[in-house]
Amino acid sequence: MFRRSIATAALLILSAPIAAQEKQVTTTEKKVDDGIQLPPLPADKTVRQSVSIGGRTIAYDATVGTIMVRDDKGKEIGQVVYTAYTVPNTGPARPVTFAFNGGPGASSVYLNMGAVGPKRVQFGAQGNAPSDSPVTTDNPNSWLDFTDLVFIDPIGTGFSRSLVDADKTKKAFYANDPDIKYLSKVVFDWLVKQGRLRSPKYLMGESYGGYRAPRIAYELQSQIGVGVTGLIMVSPYLDPASGDGATALSPLPWMIDLPSMAAAHLESQGRLTPAAMAEVEAYTRGAFATDLLRGRSDPQAVARIATRVTDLTGLDPALVRRMGGRVDSGTFLREIHRNDGTIGSIYDSNVTAFDPFPWSAERQSNDPILDALIAPTTSAMVDFVTRVVGWKTDARYHALSYDVNAAWDRGKPDDSPVQDLRKSIANDPNMGVLIVHGWDDLSCPYFASRLIVDQLPGFGTTDRVKLDVYPGGHMFYSRPDSGAAFKNDARALYAAHS
């Protein structure tokens, strides 16, 4: 979530009896360094629920709870709120999966109530609207039938909060490296308190969560002393340097975006197939990249690019010629739907909304998917936490925090996630990796991951890192068929490595 749309546009803790916890929490207010008094968060709360998955009824415990974050001196500086779904009396062999969304500034509600949690609310597809009912239903594509699930909300998202002032918050939480360190410790703390260190452990991250997952895996493995069995990266933001940080000499930004534009055009015509996309990829790796690098040294290069890009994207030929075949995602999203007065989402370019300013030279609207998903997901999650689980709080729930995103210190764009991915796989021959994308995503285009995976060493076998692409966009799991295919691929990963 977020990622390029703003840059350019998932635990039960019982260290004391619940009654004692409730007494302690309800009689102590949290004081932030700048003098602000925060109402206390509730004690951890668990309720028994059930879900029907594949014709089987599964009883599970749903827990909303808090894990404290402390600085090097032991002072409490933050409170991370999580949601855990665990099947009781299963023993240590049952896997546990920790899930993170991205942003930075996104809570874990999207993976929780959209992708793999036991309940879901519809969002992220064409026709969804903010006024849609936030009532949840059983999720047939939930992973609860083969793994426990822990959804973690980083500080500033969901109900998670900092207990220090703005400057200290940014330094401790809102930067790439501190984010990895405290979230890795949160995973460790949950495992220790729940007695799950013997369980197979998986990390799942979407978007910027895909940036987090391999880095948390390596931090756990090399610094904290916890091995990770597998990684699942959903529409991951793996290499900031390949796109946003690329130089003017690099063809990569144009190469990375083109296949997703072509996929959207093919889908709109009912012609999207793996075979068709293989042809697009071959052109992108070959003649397109070569002609981009030739530039003015070959007067026919621009003409060749413009002709082929027009055919692949369905854009106006004159527009493509004027842009030299180098079509950016913003232009594509505006122009491909201009004739019907709508604008496409960077998360799935075939999900559109009416353009409120169709005659403006520049886009003046927010993203169609972002605008449509915040209301139903926020309402569904708050209703679940406060009414169903009974974790009562008046605090505001941040499904997406633009403030966190704006405050984030991104540092210098580099390929730290890919470096840590390489090191963690090389260190552990039993670790498996699944990277998944939607064809139509222009926020985190699948082709970037394709190029990255193709540059990885074999690590013994080439199938240790598997890339799968499904119909849809950034949140392809909003489409039932794609969500089912994703679950099947994930189940195979767990069966092979747990």
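This structure is a prediction, so every number in the text was calculated from the model and none was measured.

### Side note on the nonpolar core
Now for step 1: Counting residues in each nonpolar core, the largest one holds 138 residues, and the members touching the most others are F98, W143, L231, I232 and F486.
Now for step 2: Among the elements that take part in this core, helix 7 (residues 252-268) stands out by supplying eight residues, more than any other.
Now for step 3: If we skip the residues at most four places from it in the chain, F486 touches W143, M204, I232, V234, L434, V436, Y470 and F476.

### With respect to the pattern of salt bridges
Now for step 1: Summed over the entire model, instances satisfying the criterion amount to 26 salt bridges.
Now for step 2: One salt bridge connects R304 with D298, and the closest N-O pair in it is separated by 2.6 Å.
Now for step 3: Classification of R304 as partly exposed rests on a relative accessible area of 36%.
Now for step 4: By relative accessible area, D298 is classed as buried at 18%.
Now for step 5: Members of the salt-bridge network, linked through shared partners, are D177, R215, D420 and K423.

### Brief notes about the pairing of strand 5 (residues 76-86)
Now for step 1: The buried fraction of strand 5 amounts to 11 of the 11 residues, a majority that puts the element mostly inside the structure.
Now for step 2: Of the pairings in the sheet, the one linking strand 4 (residues 56-70) to strand 5 comprises 10 bridges and is antiparallel in character. Counterpart to A62 in the pairing with strand 5 is Y85.
Now for step 3: Count of turn residues in the strand 4/strand 5 antiparallel hairpin: five residues, of which G74 carries a positive phi of about 90°.
Now for step 4: Strand direction decides the pairing type here: strand 5 and strand 10 (residues 161-162), joined by two bridges, are antiparallel. For G78, the partnering residue across the bridge sits in strand 10 and is S162.
Now for step 5: Sheet topology note: the strand 5/strand 9 (residues 148-152) ladder contains four bridges and is antiparallel. When the bridges of strand 9 are listed, A84 appears paired with V150.

### Observations concerning the packing of helix 7 against helix 9 (residues 301-313)
In helix packing, the relevant descriptors are the interaxial angle and the interaxial distance, both defined with respect to the helix axes.
Now for step 1: Following both chains from N to C, one finds helix 7 and helix 9 inclined at 45°, their axes separated by 7 Å at the closest point. Between helix 7 and helix 9, the angle falls in the class oblique. Contacts between helix 7 and helix 9 involve L258, M261, A262 and H265 from the former and V309, D311, L312 and T313 from the latter.
Now for step 2: For the contact of helix 7 with helix 9, a count of residues per class yields five nonpolar, two polar and one charged.

### Looking at the environment of F188
Now for step 1: Inspection of the secondary structure assignment puts F188 in helix 5 (residues 176-194).
Now for step 2: A residue is classified by how much of its surface remains accessible, and F188, at 23% relative accessible area, is partly exposed.
Now for step 3: Note: C-alpha distance between F188 and G225 (37 residues apart in sequence) is 9.0 Å.
Now for step 4: Each residue touching F188, except ones within four places of it in the same chain, is listed here: L197, I224 and V226.

### Some details on helix 8 (residues 274-294)
Now for step 1: Over its 21 residues, helix 8 extends 29 Å from the first C-alpha to the last, a length consistent with the 30 Å expected when each residue adds 1.5 Å.
Now for step 2: Along its length, helix 8 shows its largest kink, about 40°, at T284.
Now for step 3: Restricting attention to buried positions, one finds in helix 8 the residues A276, M277, V280, E281, Y283, T284, F288, A289, D291 and L292.
Now for step 4: Contacts made by the buried residues of helix 8 are with helix 7, helix 9 and helix 15 (446-454).

### Comments concerning the packing of aromatic side chains
Two descriptors summarise a pair of aromatic rings, namely the distance from one centre to the other and the angle between the planes of the rings.
Now for step 1: Using the criterion set out here, one finds 23 aromatic pairs in the structure.
Now for step 2: Residues Y208 and Y211 carry aromatic rings whose centres are separated by 4.8 Å and whose planes lie at 15° to one another, so their mutual orientation is stacked. You can see Y208 and its partner Y211 sitting in helix 6 (residues 208-224), three residues apart, about one turn around the helix.
Now for step 3: A connected cluster of aromatic rings, assembled from ring pairs, spans W143, F146, Y202, Y470, F476, Y477, F486 and Y494.

### Describing helix 12 (residues 368-388)
Now for step 1: Counted at 1.5 Å a residue, the expected span for helix 12 with its 21 residues is 30 Å, and the 30 Å between its end C-alpha atoms agrees.
Now for step 2: At I374, helix 12 shows its strongest bend, of approximately 30°, with the proline P376 following within four residues.
Now for step 3: G390 sits one or two positions beyond helix 12 and adopts a positive phi of about 85°.

### A few points about the environment of A172
Now for step 1: Mapped onto the secondary structure, A172 falls in helix 4 (residues 166-172).
Now for step 2: On the basis of relative accessible area, A172 is assigned to the partly exposed category, the value being 22%.
Now for step 3: Beyond its immediate stretch of four places on either side in the chain, A172 contacts I77, P178 and Y182.

### A short note on unusual backbone geometry
Now for step 1: Backbone torsion omega between G103 and P104 reads -10°, so that peptide bond is classified as cis.
Now for step 2: The backbone phi angle of N89 is positive, close to 60°, even though this residue is not glycine.
Now for step 3: By secondary structure assignment, the location of N89 is in the loop between strand 5 and strand 6 (96-100).
Now for step 4: The phi dihedral of S207 is positive, around 60°, even though this residue is not glycine.
Now for step 5: Within the element layout of this structure, S207 appears in the loop between strand 11 (201-206) and helix 6.

### What to know about the confidence of the model for the chain
Now for step 1: On average, residues of the chain carry a pLDDT of 89, and 91% of them reach 70 or more.
Now for step 2: Counting contacts from residues 4-28, a segment whose pLDDT is below 50, to residues more than four positions away or on other chains yields 60 contacts.

Calculation criteria
Residues numbered from 1 in each chain as written. Predicted model: local features only at pLDDT ≥ 70, side-chain atom pairs only at ≥ 80, totals over all residues. Heavy atoms only, no water. Core = buried A, V, L, I, M, F, W, Y, C linked by side-chain atoms within 4.5 Å. Buried < 20%, exposed > 50% of the residue type's maximum accessible area, 1.4 Å probe, protein only. Helix = DSSP H or I, 4+ residues; strand = E, 2+ residues; numbered from the N terminus. Contact = heavy atoms within 4.5 Å. Salt bridge = Lys/Arg side-chain N within 4 Å of Asp/Glu carboxyl O. Pairing = 2+ DSSP bridges. Axes fitted to C-alpha atoms, helices over the stretch in contact; angles between N-to-C directions. Parallel < 35°, antiparallel > 145°, perpendicular 65-115°, else oblique. Nonpolar A, V, L, I, M, F, W, Y, C, P; charged D, E, K, R; others polar. Expected span 1.5 Å × (residues − 1). Bend = angle between axes of the 7 residues up to and from the residue. Phe/Tyr/Trp six-rings, centres within 6.5 Å; stacked < 30°, edge-to-face > 60°. pLDDT = per-residue confidence, 0-100.

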